[in-house]
Amino acid sequence: MDLVPYDEWRASAVDPAFSEWLRSLSEPEWTAVVNHPFAASITRGDVADDDMRRYLIQDFQFVDSFTALLGAAVASADNFESRVPFGRFLGETATTEEKTYFHRALAALGATPADLASPPLEPVTADFRALMDEARTSLDYPLVLAVLSVAEWSYLGWASLAGEPSPDNFVHREWIELHEGPVFRAWVGFLRGELDRLGPGLTSEGQLRVLDFFRRAVRLELRFFDMAAGA
Ligand SMILES: Cc1ncc(C[n+]2csc(CCO)c2C)c(N)n1
């Protein structure tokens, strides 16, 4: 979508939230991520083991940089109240659930310890890690938020489309469960709320910089699923 400045867009928007400006200006890629055939295949539980293994091996490398970026959010947030949810998420999800899921799922798919420790990176994985490193080293809280929100909000998007029954295979079922439900929804709501709180007060250049990071992250999510689908 065209680059309409936030103040101009807000005047005629149904939902004038800053996060909604970021999302709607990231179309059509946003919708392509949420409705991606690979994600739909996860929700049906019919991704082939070889494809799921390749995706999760690359994603484990993604999650490593993502976890480092959560640390940058703790460090760069503008107040104590905001630091706490990042610290809680780091402790509860990133270091426990996600880690045990990856280890169990990749073992079940026949991956080796080397596949987890230092696999060859696909170009999109390297590019995504570079964007997260750029946000992390900027220590600019709205930029950190932009990249984190895309990762979490877009995953909530496809996982929310999962129907019943859940797949029997735990590799598929738990990957869906990690990305939906009330706790994950509240976490995404918190991230969006932070963007909505801070975005409107940025200069128009600052707002466009946040949009640039947001859009780059959305394009990388799309390329990541394309890679997983073997495209
Ligand atoms: C390419 C890619 N984008 C987003 C996510 C979503 N995600 C990343 S870390 C994390 C927290 C722990 O669940 C979540 C939900 C992903 N896994 N892979």
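What counts, and at which threshold
Residues numbered from 1 in each chain as written. Predicted model: local features only at pLDDT ≥ 70, side-chain atom pairs only at ≥ 80, totals over all residues. pLDDT = per-residue confidence, 0-100. Helix = DSSP H or I, 4+ residues; strand = E, 2+ residues; numbered from the N terminus. Near = placed C-beta within 6 Å. Nonpolar A, V, L, I, M, F, W, Y, C, P; charged D, E, K, R; others polar. Axes fitted to C-alpha atoms, helices over the stretch in contact; angles between N-to-C directions. Parallel < 35°, antiparallel > 145°, perpendicular 65-115°, else oblique. Left-handed = near helix turned anticlockwise from the far one by under 90°. Contact = placed C-beta atoms within 7 Å. UniProt positions renumbered as here; feature names shortened; annotations may be inferred. Buried ≥ 20, exposed ≤ 12 C-beta atoms within 10 Å, placed from the backbone. Arc of directions from axis to C-beta.

Trainee: How would you summarise the confidence of the model for the protein if you had to cite specific residues and measurements?
Mentor: Averaged over all residues, the pLDDT of the protein equals 95, while 100% of them reach at least 70. This prediction of the complex comes with two scores: 0.96 for pTM and 0.94 for ipTM.

Trainee: So what about the environment of Trp 175? Which residues, and what values?
Mentor: Here Trp 175 lies in helix α10 (residues 170–177). Separated by 16 residues in the primary sequence, Trp 175 and Ala 159 place their C-alpha atoms 8.6 Å from one another.

Trainee: Before we move on, can you summarise the site of the ligand with the specific residues and values?
Mentor: If you check the shell around the ligand, you find 14 residues, and the closest are Phe 66, Glu 98, Ala 151, Tyr 155 and Phe 224. Contributing elements (two or more residues each) for the shell around the ligand: α5 (49–76), α6 (80–108), α9 (141–159) and α12 (204–228). No other element matches the 4 residues that α5 contributes to the shell around the ligand. Within the shell around the ligand, the residues separate by chemical class into 8 nonpolar, 2 polar and 4 charged.

Trainee: Talk me through the packing of helix α8 (residues 123–138) against α9; I want residue IDs and the actual numbers.
Mentor: Direction vectors running N to C along α8 and α9 enclose 150°, while the axes themselves pass 8 Å from each other. As far as their axial angle goes, α9 and α8 are roughly antiparallel. Note that α8 runs across α9; the crossing there is left-handed. Two secondary-structure elements touch here, α8 through Leu 131, Met 132, Ala 135, Arg 136 and Ser 138 and α9 through Leu 143, Val 144 and Val 147. The class makeup of the residues in the contact of α8 with α9 is 6 nonpolar, 1 polar and 1 charged.

Trainee: Explain the UniProt feature "domain: Thiaminase-2/PQQC" (unreviewed entry) in the protein to me, using residue names and the numbers behind them.
Mentor: In this structure's numbering, the residues bearing the UniProt feature "domain: Thiaminase-2/PQQC" (unreviewed entry) are residues 28–229. As a span, residues 28–229 carries 80% helix and 0% strand, and end to end its C-alpha atoms are 19 Å apart.

Trainee: Can you break down the UniProt feature "binding site: substrate" (unreviewed entry) in the protein residue by residue, with the values?
Mentor: The positions UniProt marks with the feature "binding site: substrate" (unreviewed entry) are Asp 59, Glu 98 and Glu 152. Despite a sequence span of 94 residues, these residues sit close together in the fold, their greatest C-alpha distance being 13.4 Å. Locating Asp 59 in the fold gives a position in helix α5. For Asp 59, a count of 19 C-beta atoms within 10 Å puts it in the partly exposed group.

Trainee: So what about helix α4 (residues 37–44)? Which residues, and what values?
Mentor: Taken residue by residue, α4 has Ala 39, Ile 42 and Thr 43 as its buried positions. Buried residues of α4, viewed axially, fall in a sector of 95°; they line one side. Turning to α4, the residues buried within the fold contact α9, α10 and α12. Downstream of α4 by a residue or two, Gly 45 has a phi angle that is positive, lying close to 75°.

Trainee: Pulling in residues and values, what's your account of unusual backbone geometry?
Mentor: Of the consecutive residues Glu 27 and Pro 28, the connecting peptide bond is found in the cis state with omega at 5°. Residues Glu 164 and Pro 165 are joined by a peptide bond in cis, for which omega reads -5°. Structurally, the position occupied by Pro 165 is in the loop between α9 and α10. Within the chain, Leu 139 stands out as a residue other than glycine whose phi angle is a positive 50°.

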